[in-house]
Amino acid sequence: MGEALQALLGNINPYLLQIIVNIGIGIVLALGLNVITGLTGQLSLGHAAFMSVGAFSSALLTIHTGLPFSVNLLLTGIITAGVGVVIGYPILRLTGDYLAICTLGFAEIVKVIFLNLDITNKALGLSVPPPHTTIPMPIMVWIVVILTIIVVSFIHNSRFGRALKAICGDEIAAEAMGINVARYKVQSFAIGTFLAGVGGGLYAHFISYINPSDFGFLKSIDILSMVVLGGLGSIPGSVIGATILSAAPEFLRFMASYRMLVYGGLLVFMMIFRPNGLMGGINFTEVVLRAIGRKPHMKELMKHEKPEQ
């Protein structure tokens, strides 16, 4: 089966295949940040740092162990989530600009640490061997994308997800309703960083070379832009935003020096004409039910809006 998939992928233009894989990795990263920023309302500017933790962890596991790639990714996500919990527990007591500054500072600390560690080959970067799997890398990436969308959808529609929405709306009111704000924020941070680690592991094995400088501040801004463009708290929005901004660098190569200027202009345009993002404020459940010709019942709409008590 692996040989058949390899033959099938061999008929696809390698350049197009690279774009498709980059889009898949971008979707995983954007959905992870969407849990933290879009669903819980905690502004994080250090998502690329957790991606780098996942990338180096996954690469080192492949180099030093013979674990199957699926187990490798799971362990990578757990390691990154553990780092997220350790960092998140103290800093998530902050809000707004203070939280953003702390996550930005953490990202720079992680970058400097990796630039000075012998195990990560310092500034020379790390060559990543092929993963231990018979499934081609593009297929593996999109399997992870589908699983991520399913899991995040369950989170959004669960009691846990409604509690996170309540925290995003008003932390004081949520706490007055009996929601343990600190615990829920740390848990959402763990989920988001878990997905960042998995995305980093996929990125490392697809690119086959990683350098700490690849995971700087601009990478965090790229991921945040995907979430904001698509719409905070929207799963389809994160998918659309990641698709657009992951493919955009390839279409903007003729003006690569001004890419961030184009991103900035696009976001300003969005803030003026569509403040909630492309899919922000759209009840996706209602859209699906209307598309299949079924009128949504009021209870079905309310259960996605009512916070946990």
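Everything numeric in this text was worked out from a predicted model, so none of it was measured. (Residues numbered from 1 in each chain as written. Predicted model: local features only at pLDDT ≥ 70, side-chain atom pairs only at ≥ 80, totals over all residues. Heavy atoms only, no water.)

Quick look at the overall build of the protein chain now. Counting its secondary structure elements, the protein chain contains 14 helices and two strands. Counting contacts in the protein chain only where the partners sit at least 6 residues apart, residues at least 24 apart contribute 77% of the total. Accessible surface, the protein chain: about 14,900 Å² in total, of which carbon and sulfur atoms supply 68%. (Helix = DSSP H or I, 4+ residues; strand = E, 2+ residues; numbered from the N terminus. Contact = heavy atoms within 4.5 Å. Areas by Shrake-Rupley, 256 points an atom, 1.4 Å probe, with all protein chains shown as cover.)

Mean pLDDT for the protein chain: 84, with 86% of residues reaching 70 or above. Ranking the elements of the protein chain by mean pLDDT puts helix 14 (residues 298-302) last with 48 and helix 3 (residues 47-64) first with 94. Low pLDDT, under 50, characterises residues 298-302; the predicted model gives this stretch five contacts beyond four residues in sequence or across chains. Counted against residues more than four places away or in other chains, residues 304-309, with its pLDDT under 50, gives 16 contacts. (pLDDT = per-residue confidence, 0-100.)

Glancing now at the environment of Thr148. Take Thr148: it is sitting in helix 6 (residues 137-156). With relative accessibility at 6%, the residue Thr148 sits in the buried group. A C-alpha to C-alpha distance of 6.6 Å links Thr148 and Val28, two positions 120 residues apart in sequence. Setting aside anything within four residues of it in sequence, one finds Thr148 in contact with Val28, Leu31 and Leu195. Looking at Thr148, its side chain comes within polar contact range of the main-chain oxygen of Val144, at 2.7 Å. (Buried < 20%, exposed > 50% of the residue type's maximum accessible area, 1.4 Å probe, protein only. Polar contact = N/O pair within 3.5 Å; in protein donor to acceptor, adjacent residues only side chain to side chain.)

As a further point, take the nonpolar core. Counting residues in hydrophobic clusters, the biggest one holds 63 residues, and the most contacted among them are Ile25, Val141, Val144, Leu202, Ile210 and Phe215. With twelve residues, the top contributor of residues to this core is helix 2 (residues 14-39). When neighbours within four sequence positions are excluded, Val144 is seen to be in contact with Val28, Leu73, Val198 and Leu202. The next biggest cluster of nonpolar side chains, apart from the first, holds eleven residues, and it includes Leu39, Ile155, Phe160 and Ala174. (Core = buried A, V, L, I, M, F, W, Y, C linked by side-chain atoms within 4.5 Å.)

All right, on to a nonpolar patch on the surface then. On the surface, Ile135, Ile143, Ile146, Leu147, Ile150 and Phe154 cluster together into a nonpolar patch covering about 560 Å² of accessible area. As for its placement among the helices and strands, Ile150 is situated in helix 6. For Ile150, a relative accessible area of 42% corresponds to the partly exposed category. (Patch = residues over 30% accessible without salt bridge, like charges linked within 9 Å, V, L, I, M, F, W, Y side chains within 5 Å. Salt bridge = Lys/Arg side-chain N within 4 Å of Asp/Glu carboxyl O.)

Counting across every chain of the model gives two salt bridges. With a closest N to O distance of 3.4 Å, Asp118 and Lys122 form a salt bridge. Given the relative accessible area of 63%, Asp118 is considered exposed. With relative accessibility at 39%, the residue Lys122 sits in the partly exposed group. In this structure, Glu171 engages Lys185 in a salt bridge whose closest nitrogen and oxygen atoms are separated by 3.3 Å. With Glu171 in helix 8 (residues 171-176) and Lys185 in helix 9 (residues 181-207), this pair connects stretches of sequence that are 14 residues apart. Judged by relative accessible area, which is 3%, Lys185 ranks as buried.

A few words now on the side chain of Thr76. Structurally, Thr76 can be placed in helix 4 (residues 69-91). Among the residues examined, Thr76 registers a relative accessible area of 0% and is labelled buried. Within polar-contact distance, the side chain of Thr76 engages the backbone oxygen of Asn72 at 2.8 Å. For Thr76, the contacting residues outside a window of four places in its chain are Gly54, Ser57, Ser58, Leu61 and Gly197.

So, about the side chain of Ser220. The topology assignment puts Ser220 in helix 10 (residues 217-230). Once residues within four sequence positions are removed from consideration, Ser220 is found in contact with Leu45, Gly46, His47 and Ala48.

As a further point, take the packing of helix 10 against helix 11 (residues 235-251). At a closest axis distance of 7 Å, the pairing of helix 10 and helix 11 adopts a crossing angle of 130 degrees. By the angle between their axes, helix 10 is oblique relative to helix 11. The way helix 10 lies across helix 11 gives a crossing that is right-handed. Of the residues in helix 11, those in contact with Asp222, Ser225, Met226, Leu229 and Gly230 of helix 10 are Gly237, Ser238, Gly241, Ala242, Ile244, Leu245 and Ser246. Split by residue class, the contact of helix 10 with helix 11 holds five nonpolar, six polar and one charged. (Axes fitted to C-alpha atoms, helices over the stretch in contact; angles between N-to-C directions. Parallel < 35°, antiparallel > 145°, perpendicular 65-115°, else oblique. Left-handed = near helix turned anticlockwise from the far one by under 90°. Nonpolar A, V, L, I, M, F, W, Y, C, P; charged D, E, K, R; others polar.)

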